[in-house]
Amino acid sequence: MPTLSLDDSRFIACNLTDLTDLTDLTDLTDLTDLTDLTDLTDLTDLTDNIGPNTMDENPHNNTADQTVEILNDEQFEDMRDLLEEDFADLIQVYLTDSQQRIHSLRIAQQQNDNTNGFEIAHALKGASANLGTTQLMRLSSQLQERCREQRISEQAALIEDIAAALQRAEQTIKQRMEQ
């Protein structure tokens, strides 16, 4: 089986109105292309689909970040059931690409590149939403909004929160994969 990459494979979701119901996915070819969702055009509204929002107004409050579920179990298991033997490869691609995206976010922040930061945060948010890594999705959404406001230069702490959320997600995913 060829190595999967988010950059050269496309996941297209059809007739998907709630990201917790991943059984409706057909021809899944790109984790980041979630704008093809039938009734969901902007992933910033996903917090309504994931569960209660327990984050406070301060995106850098790690206590609040840690109260948000790390992984949506139902969504994760639905994706595992859907992809079967390809799931482990998808997880590896997701973790590798997410690390690269965080590195690119740090560069965008240092260069005050709001456009690139927005695109990277959007891609990370979409991939995270697809797998159910809730904390990472919410923090990426916050960064995307800061980039939209042309404030990436002030977001070093938020980017480090994203990196920490990825570490928590990776640990949780590895534990779940062993089950």
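Observations concerning the overall build of the protein chain
Next up, step 1: For the protein chain, the helix and strand inventory stands at 7 helices and 0 strands.
Next up, step 2: Reading the helices (α) and strands (β) of the protein chain from amino to carboxyl end gives α-α-α-α-α-α-α.
Next up, step 3: Evaluated residue by residue, the protein chain yields a buried proportion of 50% over its 179 residues.
Next up, step 4: Within the protein chain, counting contacts between residues at least 6 apart in sequence, those at least 24 apart form 67% of the total.
Next up, step 5: As displayed, the protein chain offers around 8600 Å² of accessible surface, 43% of which is attributable to carbon and sulfur atoms.

Observations concerning helix H6 (residues 134-148)
Next up, step 1: Over its 15 residues, H6 runs 21 Å from end to end, which matches the ideal 21 Å to within 8%, given 1.5 Å per residue.
Next up, step 2: Within H6, 13 of the 15 residues are buried, which leaves it mostly tucked inside the rest of the structure.
Next up, step 3: Following H6 by one or two positions, Gln150 has its phi on the positive side, about 65 degrees.

What about the nonpolar core?
Next up, step 1: Counting residues in hydrophobic clusters, the biggest one holds 29 residues, and the most contacted among them are Phe87, Ile91, Tyr94, Leu131, Leu136, Leu143 and Ile162.
Next up, step 2: Where this core is concerned, the elements lending two or more residues are helix H3 (73-83), helix H4 (87-110), helix H5 (114-131), H6 and helix H7 (156-178).
Next up, step 3: Here the element with the most residues in this core is H4; it accounts for 8 residues.

Points about the pattern of salt bridges
Next up, step 1: In this structure the tally under the stated criterion is 9 salt bridges.
Next up, step 2: The salt bridge partner of Arg80 is Glu77, with a shortest N-O separation of 3.1 Å. Of this pair, Arg80 and Glu77 are both found in helix H3, 3 residues apart, which corresponds to roughly one turn of the helix.
Next up, step 3: The class for Arg80 is buried, based on a relative accessible area of 18%.
Next up, step 4: Residues Glu154 and Arg151 are paired through a salt bridge, measuring 3.1 Å at the closest nitrogen-oxygen approach.

Each value, and the rule that gives it
- Residues numbered from 1 in each chain as written.
- Predicted model: local features only at pLDDT ≥ 70, side-chain atom pairs only at ≥ 80, totals over all residues.
- Heavy atoms only, no water.
- Helix = DSSP H or I, 4+ residues; strand = E, 2+ residues; numbered from the N terminus.
- Buried < 20%, exposed > 50% of the residue type's maximum accessible area, 1.4 Å probe, protein only.
- Contact = heavy atoms within 4.5 Å.
- Areas by Shrake-Rupley, 256 points an atom, 1.4 Å probe, with all protein chains shown as cover.
- Expected span 1.5 Å × (residues − 1).
- Core = buried A, V, L, I, M, F, W, Y, C linked by side-chain atoms within 4.5 Å.
- Salt bridge = Lys/Arg side-chain N within 4 Å of Asp/Glu carboxyl O.

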